[in-house]
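Observations on chain architecture
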Amino acid sequence: MDLIQPQLVVIALAIPSVAFLAMALRRLFVDWKQQRLTFPRWPALGLAFLGFATVAAALAVSSFTHSLSAAAPELASIWTPYFLVFTLEIGFSLAFLAAWLLDDAERRHRHLHQVSEDQDRRIRENERSFSAVVESAPAAVILVAPVGRRILAANDFAMRWLEREGESPRSAVLEDWLAPPHSDDPEQTLSHIMGMTNGHAGFVNFQTAEGRLIEAEVAGASVVFLGRPAIILIVRDVSDVEQARRAAEAASRAKNQFLTNVSHEIRTPLNGILGMTELALDASLSRGVRENLETAHRCARDLLLVVDDVLDFSRLEAGQLEINLVPFHPEGLVSDIVQHLAPRARARGLVLLDVPRRDLPQLVIGDAARIRQVMVNLVSNAIKFTTAGEISVRAQPVGRTDEGKQLIRFSVMDTGCGIAEELHEQIFEAFRQGDGSLTREHGGTGLGLALSRQLIGAMGGSLSVESTPGKGSTFSFEVSLRIGNSGTQTMLERQLAGRSALVIHPSSAIQASLSEKLLALGIRTRTVGELISALSIMEDAQRQGTGIDAVFVDASLGFATSASLLESARKQLGRDVPWVAVSARVFAETPASVVSVLVLPCTRASLEETLAKAWPELPAARSVPTTRSASIAGSKTVLVVEDNRVNRRLVVTLLKRAGYGVKSVENGEEAIAALETEDFSLVLMDVQMPVMDGLEATRILRRNSRFQSLPVIALTAHALAGDRDLCLAAGMNEYLTKPVRREELLASVRRYVGEPVETDKVPG
């Protein structure tokens, strides 16, 4: 047993030695295969550690043997032959283990060194690539040190651009290349460049070696250059671009000035034409002369619409369109448009109608002038492209927006030729028409619909068309409008409540228009399309106890037939029912069989006047003279400042006929002199005048404490964007554009002066 134990120990110690030797040989083989063997590294390491390990093992074994001999001599004789083997095995094991650990540490060191060399190589390659890209860039590239603003590098493009080819960029600092005011504070300029987002820094002025100033657009970013932080500036010369921009701005200003002059020169004579024809139409004229004057007046209005379209299109192109929010009555706006264009429709044999809605807000706030302009355009197109039938104009509420505004749809429906589906978008393009051939039947600039869509878009709405060829078209747009304060029920509406009427007309559109207007007055209304059915409806109403208090009948059905039916109704009902003829044309005299002729399209005022004739027992419904004469009351004197003789005469005549005292002068200098010697309640001031214009005259007046509260209204042909602001900035209270409408002018005068006292008519 004693002999076996030393052998086992030898075998146990030999196993790790062999294992370490095998691992070392494998590593040597791998290094040899990969050509990384550095001879005589392993033999030297092995011999060195073998000697060290052998000496150490010998000392340990000698000490152990000496101790064992003293304690047990018989065991020492057995173990002594193996001690030498123990010593060699331990020495080899320790030697190969130490060599393995040292070699692994060396390998790690070499790996880290290789990684560092690879990183340095990549950095050098990136810097070479960076330099190549910078040099090939089609713009000036400048590298600046963040501290000290020293120029680190600049490409050849930058040196040529700055006329510094023979200089070294490293000998300069950033302020050497900048021009005032940027050179005065280059650190702030550099901070400004780096503080911009998206790499865009704006414009910086540079200075060449010859002293020439260059406007440049600069973008900056932080980079690492040669292992150090730097700021790269990408500089683009925009001198030519800036010059082109300034030239474009100058051209735009010249264009706006040209449009201003054109607007003034066209509106000034138009104001005289429209105003004088209106004054002439107030007189007693023969039928032929009146028709000629009405035609001239309509043509002038048409010309004004074309001028407005062209000017508004230019405003939209320049982004200068202004949206003016004012309170207005949507139903009244539609009615006014219909009344204005009714003569034109009547001349073509058409019926133009407005169909009111009782649920429509009485007062809304929006750009009434723009909505009116678009509606006039749409209705004019409908008249132009409709040869027979009817045109209906509606305004109806369609819901509320999230902001609480009322969404109102304005629509124009005609029975015209219609539009093919493939042309629905083309007609909204500027200068494009549905029919562009030389043989087209209808004229026009092709601006109307394009401008209308853009105007509605500027108000946040949308304009669209629904049309079928041969069946007519419907143009509509929706805009959101803030709701104003609603009015209260009038005395007439309270007196008419409970009354009933019957409308007999084959047109469903006319039925809807009349019934809605009657219902708005509180009158129960029934409609029927045939005259023969009217008597049975009247009898049914009589049996139900509601009765029929008035009948509106289509005049085209014939007055003889109506008279016969009226007589039958009188016999069966046992009472007289007033009959009103409804017609699209004007009658010289009212036929005996009816109490009145209601001309379509009818206004609320004309309908109330008709009801007053049908029911004369209503005190509040009795008709009153429509022409009111008045005269000057106290100090209600208006000073008209106008250099154009025709326009001056027109305004003076309108004011005198309205009952106001008037004095006129020709320029601003004369206006100031007149105000120094006389008292006036209001000044109507033209803008463009010789000697002294209206703006300068108003500024002089406002500097005098005596005239600071004097109302001054601009009455001018300047109608472009910004003209209103100029007038208000000069101290004017209001701004009216020519051609001015009589109602608009007098409304403004009344707003500041008040009503004149009624008396005999002042001659004009």
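Residues numbered from 1 in each chain as written. Predicted model: local features only at pLDDT ≥ 70, side-chain atom pairs only at ≥ 80, totals over all residues. Heavy atoms only, no water.

In this section: the overall build of the protein. Along the backbone of the protein there are 21 helices and 24 strands. Sorting the 764 residues of the protein into buried and exposed places 45% on the buried side. Long-range pairs, those at least 24 residues apart, make up 67% of the contacts in the protein with a sequence separation of at least 6. (Helix = DSSP H or I, 4+ residues; strand = E, 2+ residues; numbered from the N terminus. Buried < 20%, exposed > 50% of the residue type's maximum accessible area, 1.4 Å probe, protein only. Contact = heavy atoms within 4.5 Å.)

Before going further, it helps to spend a moment on the sheet that holds strand S17 (residues 596-599). In space, the 5 strands of this open sheet follow the order S14-S13-S15-S16-S17, with parallel pairing throughout. What marks the edges here is a single partner per strand, and that holds for strand S14 (524-528) and S17. The mean inter-strand angle of the sheet, taken between neighbouring strand axes irrespective of direction, is 25 degrees. Bridge count for strand S16 (residues 579-583) against S17 is 4 bridges, and the pairing is parallel. Considered in S17, the bridge of alanine 581 is made with valine 597. (Pairing = 2+ DSSP bridges. Axes fitted to C-alpha atoms, helices over the stretch in contact; angles between N-to-C directions.)

Right, let's get into helix H13 (residues 508-520). Compared with the 18 Å implied by 1.5 Å per residue over 13 residues, the 18 Å span of H13 between its first and last C-alpha is a close match. At the N-terminal end of H13, a side-chain oxygen is found 3.4 Å from the backbone nitrogen of alanine 509, two or three residues along, and the residue is serine 507. Of the residues trailing H13, glycine 522 is marked for its positive phi of about 90 degrees. (Expected span 1.5 Å × (residues − 1). Polar contact = N/O pair within 3.5 Å; in protein donor to acceptor, adjacent residues only side chain to side chain.)

Right, let's get into the packing of aromatic side chains. One pass over the full model with this rule turns up 2 aromatic pairs. Aromatic pair phenylalanine 410 and phenylalanine 477: ring centres 5.3 Å apart, planes at 20 degrees, arrangement stacked. Taken together, the positions of phenylalanine 410 in strand S10 (residues 406-414) and phenylalanine 477 in strand S12 (residues 472-483) put the pair 67 residues apart, joining distant regions of the chain. In this structure phenylalanine 477 comes out as buried when scored by relative accessible area, which is 1%. It is arginine 499 that lies over the ring of tryptophan 615; its NZ or CZ is 4.9 Å from the centre. (Phe/Tyr/Trp six-rings, centres within 6.5 Å; stacked < 30°, edge-to-face > 60°. Lys NZ or Arg CZ within 6 Å of the ring centre and 35° of its normal.)

Attention shifts here to the confidence of the model for the protein. Scored by pLDDT, the protein has a mean of 75; 71% of the residues are at 70 or more. For the stretch residues 434-445, pLDDT sits under 50, and the model shows 14 contacts to residues farther than four places along the chain or on other chains. Every residue in residues 758-764 is under pLDDT 50, and counting partners more than four places away or in other chains gives 18 contacts. (pLDDT = per-residue confidence, 0-100.)

To continue, consider the pattern of salt bridges. Inspection of every chain in the model, using the stated rule, returns 14 salt bridges. Overlapping salt bridges, with partners in common, bring together Glu676, Asp679 and Arg706 in one network. (Salt bridge = Lys/Arg side-chain N within 4 Å of Asp/Glu carboxyl O.)

Pairing within the open sheet is parallel, and its 5 strands lie in the order S20-S19-S21-S22-S23. Each edge of the open sheet is held by one strand with a lone partner, namely strand S20 (661-665) and strand S23 (734-737). Sheet twist, expressed as the average angle between the axes of neighbouring strands with direction ignored, equals 20 degrees. The strands touched by helix H18 (residues 668-677) are strand S19 (637-641), S20 and strand S21 (682-685); relative to S19, the strand with the most contacts, the crossing angle is about 155 degrees. Across the sheet, helix H19 (residues 694-702) touches S21 and strand S22 (712-716), and the angle it forms with S21 is around 155 degrees.

We now examine unusual backbone geometry. Omega for the peptide link from leucine 600 to proline 601 comes to 0 degrees, which places this bond in the cis form. Here proline 601 lies in the loop between S17 and helix H16 (604-614). One non-glycine residue, valine 691, lies in the positive phi region at around 70 degrees.

This part takes up the packing of helix H17 (residues 645-658) against helix H21 (residues 742-753). Where H17 contacts H21, the axes come no closer than 11 Å and their chain directions differ by 65 degrees. H17 and H21 meet at a crossing whose hand is right-handed. Here H17 contributes Val651, Leu654, Leu655 and Ala658 to the contact with H21, which in turn contributes Arg742, Leu745, Leu746 and Val749. Within the contact of H17 with H21, the residues separate by chemical class into 7 nonpolar, no polar and 1 charged. (Left-handed = near helix turned anticlockwise from the far one by under 90°. Nonpolar A, V, L, I, M, F, W, Y, C, P; charged D, E, K, R; others polar.)

Turning to the pairing of S16, a few remarks are in order. A large share of S16 lies buried, amounting to 5 of its 5 residues. Here S16 shows two buried faces, one formed by Trp579, Ala581 and Ser583 and the other by Val580 and Val582. Direction of pairing for strand S15 (residues 550-554) relative to S16: parallel, over a ladder of 4 bridges. Looking at the pairing, valine 553 lines up with alanine 581 of S16.

What follows covers the nonpolar core. Judged by nonpolar contacts, the single largest core of 40 residues is most densely connected at Ile371, Phe410 and Phe477. Elements supplying a minimum of two residues to this core: helix H9 (330-347), helix H10 (368-384), strand S9 (390-400), S10, helix H11 (448-458), strand S11 (462-468) and S12. At 9 residues, the largest contribution of residues to this core is made by H10. Each residue touching isoleucine 371, except ones within four places of it in the same chain, is listed here: Phe328, Leu333, Phe410, Met459, Phe477, Val479 and Leu481. Within the second largest apolar cluster, 24 residues are counted, among which are Val641, Val712, Ala714 and Ala730. (Core = buried A, V, L, I, M, F, W, Y, C linked by side-chain atoms within 4.5 Å.)

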